[in-house]
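Spelled out, the chains give:
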Amino acid sequence: GYVELLRGDMERNQFVSSLAYGVVAPKKLTNDLYRHRMEQRTAETIRIPDSAATDLPKPDEATLAKFHKDKAARFTAPEYRALTVISMTADDLAKEIAVSEDEIKSSYDQRAHEFSVAEQRDIMQMVFSDEKTAQKAEKLLSEGRSFEEVGKEVAGQDKESLGFGFMTKEQMMPELAESAFAVEKGKSSAPVKSPLGWHIIRVKDVKEGRSKTYAELKDRLKSDIAREKALDGLFGLSNKVEDELGGGATLKEAADRLGLKILKIGSVDRSGSDANGKPVPNLPKGQFLNVAFETPLGDDSQMTEAGSDGYFALKVDGVTPAVLRPLDTVRKEVTEAWNQTQRAEGARKIAEKLTTQIKGSGTDMAAVAKTNGFEYKERKALLRQPTRSQDSLPPVLTGKVFEMVPGEAAFGRDGNGYIVARLKQVKPAALGADKKAHTALGNDIAESIRQDLVRQLADGLRKSYGVTINTQALNAPL
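J.: Got a minute to help me understand the environment of Lys252 in this structure?
T.: Tracing the chain through its elements places Lys252 in helix α11 (residues 251–258). For the pair Lys252 and Lys380, spaced 128 residues apart in sequence, the C-alpha to C-alpha distance is 68 Å.

Written out as structure tokens, the structure is:
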């Protein structure tokens, strides 16, 4: 059966790949798209922060009340839920599990290889094409010449190519490892043959191997064994809780019978914060908050996995619906939010006025910015699709800049302010300037064409043969 499946896969892959074989991006399409994407523009910009808008009007009571109502979502307290929770984690169970001395010693013996550090040697080597040359180098070394001198003179290797750094025995070629780990520190080996030629090896330094002792690892091994046992027992314990709940027990009754702790949560919102806006501590992991807000009031949830090492079940004890906070309780926040909208609107009017002033004129934008205390910047080599490392403008303003002719100006929102931009220069893309980018673009277009062909094939096959779903087979396992 497996062979037949594999054979079918090979046939399908061969058929589909034949469609895409030899697909090449049309040269004109690639060139036109390259010119479009790689065209560069230079713009002069002035940034007007919201704080530039001063002399804001003070809102009266009616204005604040209307703003509070219009922006109700900003000042609405979220829904809160009161919960009773059974939470079980492997770490909690591990604290209750006893581990014997024999178990710890057995684990140490079985895992000894994990705790050993292999000997490492700082290796240098010369490589020769024949044994005679290697013997010549060996003779010069025996006369007291330095390894570096002989390597350069006989092997033609500079100092950098001689050194390999620290290596374990397993990291070296088998033909060289025995000699390298038999040589004393500061000594050189006799010529050794490998498939790569003849070698002379020198050991500059040695880091002795060692194994951590049982005493060093005892506490860690005990903790690991307890956690493994806890993970093994966790699934069984969760089934017992489900059996208790299925038999009509409450969460508290199930917890008492099985010796589990109950967690009471007075209030929590969908973000995990309490009524004071502080994070609720010790919440179970995984889908806990989703389950808490999907379970009806008064009902128990099913036992649910909390990540890879825990389970939880909960009961919804109470629901406090989301409600618009009274204006008197959030007056400060409403006033500040209203002031912020006024500052933003004031900055927009300044940007609009400045855009009209500089558009199509020879106004010195740097001087204008300096006079008004704004930030001026000349942004060069702007692209329609800049990378993170490239200078850029807000997307809405980038689109405008690439629609303008030199001298025209526009403005756009940027964080907590506005940017006014006047196009200074347009630099068309030269086809031969960046061959790497041009090739990459061609490859991307070709891949898109290949995907389109395969998608068209799939659509055609669906229309010709249709698609049916065997619901009986799907429902059988359920």
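J.: What is the right way to look at the nonpolar core in this model?
T.: Across soluble globular proteins, nonpolar side chains show a tendency to be buried alongside one another. Membership of the largest hydrophobic core comes to 25 residues, with the highest contact counts inside it found for Ile86, Met88, Leu221, Val241, Leu245, Leu260 and Met303. Contributing elements (two or more residues each) for this core: β3 (80–89), α4 (90–94), α5 (101–110), α10 (214–246), α11 and β12 (310–320). The element contributing the most residues to this core is α10, with 9 residues. Not counting chain neighbours up to four residues away, the residues in contact with Leu260 comprise Ile86, Met88, Leu237, Val241 and Ala255. Residues Ala347, Ala369, Phe411 and Val420 belong to the second largest nonpolar core, which totals 14 residues.

J.: Got a minute to help me understand the packing of α10 against α11 in this structure?
T.: How two helices sit against one another is set out by the angle between their axes and by the gap between those axes. Between α10 and α11, the least distance of the axes is 9 Å, while the angle of their chain directions is 135 degrees. On the basis of their axis angle, the class for α10 and α11 is oblique. Our pair here, α10 against α11, has a crossing hand that is right-handed. Listed contacts from α11 to Leu237, Lys240, Val241, Glu244 and Leu245 of α10 are Leu251, Ala254, Arg257 and Leu258. For the contact of α10 with α11, the per-class residue count stands at 6 nonpolar, no polar and 3 charged.

J.: Is there a simple way to think about the environment of Pro279 in this case?
T.: When you line up the elements, Pro279 lands in the loop between β10 (262–268) and α12 (288–294). On the basis of relative accessible area, Pro279 is assigned to the exposed category, the value being 67%. Contacts of Pro279, omitting those with residues within four sequence positions, involve Gly272 and Ser273.

J.: Looking at this structure, how should I read the sheet that holds strand β6 (residues 163–168)?
T.: Two modes of strand pairing occur in sheets, parallel and antiparallel, and in both the strands are linked by backbone hydrogen bonds. Strand order in the open sheet formed by 4 strands is β6-β5-β8-β7, and the pairing between neighbours is antiparallel. Of all the strands in the sheet, just β6 and β7 (192–194) have a single pairing partner and so form its edges. Looking at each pair of strands side by side, their axes are set apart by 45 degrees on average, direction ignored. Across 3 bridges, the pairing between β7 and strand β8 (residues 197–207) is antiparallel. For Val192, the partnering residue across the bridge sits in β8 and is His199.

J.: Is there a simple way to explain the packing of aromatic side chains in this structure?
T.: Given two aromatic rings, their pairing is described by the distance between the two centres and the angle made by the two planes. All told, the structure shown has 5 aromatic pairs when counted by the stated rule. Ring centres of Phe288 and Phe312 lie 5.2 Å apart, and the angle between their planes is 75 degrees; this geometry places the pair in the edge-to-face category. Of this pair, Phe288 sits in helix α12 while Phe312 sits in strand β12, and the two are 24 residues apart along the sequence. The burial state of Phe288 is the same as that of Phe312; both residues are buried.

J.: What is the right way to look at the pairing of strand β5 (residues 120–128) in this model?
T.: On any regular strand, side chains alternate: one points to one face of the sheet, the next to the other face. The element β5 is largely enclosed, with a buried count of 7 among its 9 residues. Here β5 runs beside β6; their pairing, made up of 5 bridges, is antiparallel. Note on β6: the bridge partner recorded for Ile123 is Gly165.

Definitions and cut-offs
Sequence positions are assigned chain by chain, starting from 1 and proceeding in written order. In keeping with the model being predicted, local features are shown solely for residues with a pLDDT of at least 70 and side-chain atom pairs are shown and tallied solely at 80 or more, while totals for entire chains, interfaces and linings include all residues. Just so you know, side-chain values use all the structure's heavy atoms and leave hydrogens and water out. Each helix is a run of DSSP H or I of at least 4 residues and each strand a run of E of at least 2, with the numbering of both proceeding from the N terminus. The nonpolar core is taken to be a set of buried Ala, Val, Leu, Ile, Met, Phe, Trp, Tyr and Cys residues, with the residues joined through side-chain atoms within 4.5 Å. Only protein chains enter the accessibility calculation, which uses a 1.4 Å probe; a residue is then buried when its area is under 20% of its type maximum, exposed when over 50%, and partly exposed in between. Any pair of residues with heavy atoms lying within 4.5 Å of one another is described as a contacting pair. In this analysis, axes come from line fits to C-alpha atoms, helices being fitted only over the stretch in contact, and the angle between any two N-to-C directions falls in the range 0 to 180 degrees. Each angle is binned into one of four classes, with values under 35 degrees roughly parallel, values over 145 roughly antiparallel, values of 65 to 115 roughly perpendicular, and all other values oblique. The crossing is said to be left-handed when, going from far helix to near helix, the turn is anticlockwise and less than a right angle, and right-handed when the turn is clockwise. Think of it as three bins: nonpolar holds Ala, Val, Leu, Ile, Met, Phe, Trp, Tyr, Cys and Pro, charged holds Asp, Glu, Lys and Arg, and polar takes everything else, Gly as well. When DSSP finds at least two bridges between two strands, those strands are taken to pair. Note on aromatic pairs: the rings of Phe, Tyr and Trp (six-membered ring only in Trp) are paired at centre separations within 6.5 Å, and the planes decide the class, stacked below 30 degrees, edge-to-face beyond 60, tilted for the rest.

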